[in-house]
Amino acid sequence: MQVNFAKSPDGLVPAVIQDAITSKVLMLGYMNQEALDKTLAEKKVTFFSRSKNRLWTKGEESGNFLHLVSAAIDCDQDTLLLKVHPVGPVCHTGADTCWNEENIDSTSFLHSLEQVIRDRRANPTEKSYTASLFAKGINKIAQKVGEEAVEVVIEAKDNNDELFLNESADLLFHYLILLQAKGFTLEDVISILKNRHK
């Protein structure tokens, strides 16, 4: 990754910090070559602090480190994009981001759940309900989705919101298993919905 630090008189380039799961922009910092090298080597984001005039690893005092997932350079080679897994709040004020936004994205949980399902399939254990479904094969998984769909329809006709939501969660969970069994992900379905929306 060739960063053009020479474009800036102080040899610093901006580094945009983004949560790798939620895609929220968490903060902006500055890096010189030494800070970037340390970040890439240690996988913890290190900046050059203009106020302290030294290298500063985010979280060195608070413990709220930014664990590096990936690093990219923009088309002008003078701005970095670092995707991270943050530990705790990012801002010194205690907020999730330096723009006082909550760093949440409920859809990211579904992607995490897909990872768990994938892991249960690849590394089955006797105690795993999900692994047991995969072991029974596609017909059993599809049947289970059908059963859960019927239960959602039944609960939709009643007035018990809690039961309806619980059956909806069961249906979604089993549908994610079915997608995996067929070799697809939720993203594949979302792509089709996006194309239909055009």
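As annotated in an unreviewed UniProt entry, the protein is Histidine biosynthesis bifunctional protein HisIE from Chitinophaga lutea. On record in UniProt, under Subcellular location (unreviewed entry), the comment for the protein is "Cytoplasm".

Colleague: Tell me about the overall build of the protein, residues and numbers included.
Modeller: Along its length, the protein carries six helices and six strands. From first element to last, N terminus to C terminus, the protein shows the α and β order β-β-α-β-β-β-β-α-α-α-α-α. Whereas a compact globule of 198 residues would reach a radius of gyration of roughly 16 Å, the protein reaches 23 Å, over 25% beyond that. Each principal axis of the C-alpha atoms in the protein carries an extent, and together these give about 65 × 40 × 35 Å. Within the protein, the fraction of its 198 residues that count as buried is 31%. With the model as given, the accessible surface of the protein reaches about 12200 Å², and the carbon-plus-sulfur share is 53%. Between the averaged position of the 22 positive side-chain charges in the protein and that of its 28 negative side-chain charges there is a distance of 5 Å.

Colleague: Describe the domain arrangement of the protein, naming the residues involved and giving the relevant values.
Modeller: Each domain of the protein was delimited in the assignment, giving domain 1 (5-86) and domain 2 (106-197). For domain 1 versus domain 2, the distance between C-alpha centres works out to 38 Å.

Colleague: Go over unusual backbone geometry with me, naming the residues and quoting the values.
Modeller: You will see that Gln77, though not glycine, has its phi angle at about 60 degrees, which is positive. If you trace the backbone, Gln77 turns up in the loop between strand 5 (66-73) and strand 6 (80-86). Of note, Asn100 is a non-glycine position whose phi angle comes to about 55 degrees, a positive value. Structurally, Asn100 can be placed in the loop between strand 6 and helix 2 (106-122).

Colleague: Got a sec to walk through the pattern of salt bridges? Specific residues and values, please.
Modeller: Taken as a whole, this structure holds six salt bridges when the rule is applied. A salt bridge links Lys24 to Glu101; the nearest nitrogen and oxygen atoms lie 3.8 Å apart. You can see Lys24 sitting in the loop between strand 1 (13-19) and strand 2 (25-31) and its partner Glu101 sitting in the loop between strand 6 and helix 2, a full 77 residues away along the chain. Residue Glu147 pairs with Lys144 through a salt bridge whose shortest N-O separation is 3.7 Å. Taken together, the positions of Glu147 and Lys144, both in helix 4 (residues 138-157) and three residues apart, correspond to about one turn of that helix. Shared partners join several salt bridges into a network, and the residues in it are Lys144, Glu147 and Glu148.

Colleague: Describe the pairing of strand 6, naming the residues involved and giving the relevant values.
Modeller: Note: strand 1 against strand 6, five bridges, orientation parallel. Bridge pairing in strand 6 places Val16 opposite Leu81. In terms of strand pairing, strand 5 meets strand 6 through seven bridges, oriented antiparallel. Within the sheet, the bridge partner assigned to Ala72 lies in strand 6 and is Leu81.

Colleague: I'd like a description of the sheet that holds strand 6, backed by residues and values.
Modeller: Here four strands make up an open sheet; going across it, the order is 2-1-6-5 and the pairing mixed. Two strands lie at the open edges of the sheet, namely strand 2 and strand 5, each paired on one side alone. Going across the sheet, the axis of each strand differs from the next one's by a mean of 30 degrees, ignoring polarity.

Colleague: Please provide a residue-by-residue account of helix 4, values included.
Modeller: A rise of 1.5 Å per residue sets the reference length of helix 4, with its 20 residues, at 28 Å; its end C-alpha atoms lie 29 Å apart and thus fit the reference within 8%. Buried-residue contacts for helix 4 involve helix 3 (129-136) and helix 5 (161-181).

Rules used throughout
Residues numbered from 1 in each chain as written. Predicted model: local features only at pLDDT ≥ 70, side-chain atom pairs only at ≥ 80, totals over all residues. Heavy atoms only, no water. UniProt positions renumbered as here; feature names shortened; annotations may be inferred. Helix = DSSP H or I, 4+ residues; strand = E, 2+ residues; numbered from the N terminus. Rg over C-alpha atoms; globule rule 2.2 N^0.38 Å. Buried < 20%, exposed > 50% of the residue type's maximum accessible area, 1.4 Å probe, protein only. Areas by Shrake-Rupley, 256 points an atom, 1.4 Å probe, with all protein chains shown as cover. Lys, Arg positive; Asp, Glu negative; His and termini not counted. Charge placed at Lys NZ, Arg CZ, Asp CG, Glu CD. Domains from an automatic or database assignment. Salt bridge = Lys/Arg side-chain N within 4 Å of Asp/Glu carboxyl O. Pairing = 2+ DSSP bridges. Axes fitted to C-alpha atoms, helices over the stretch in contact; angles between N-to-C directions. Expected span 1.5 Å × (residues − 1). Contact = heavy atoms within 4.5 Å.

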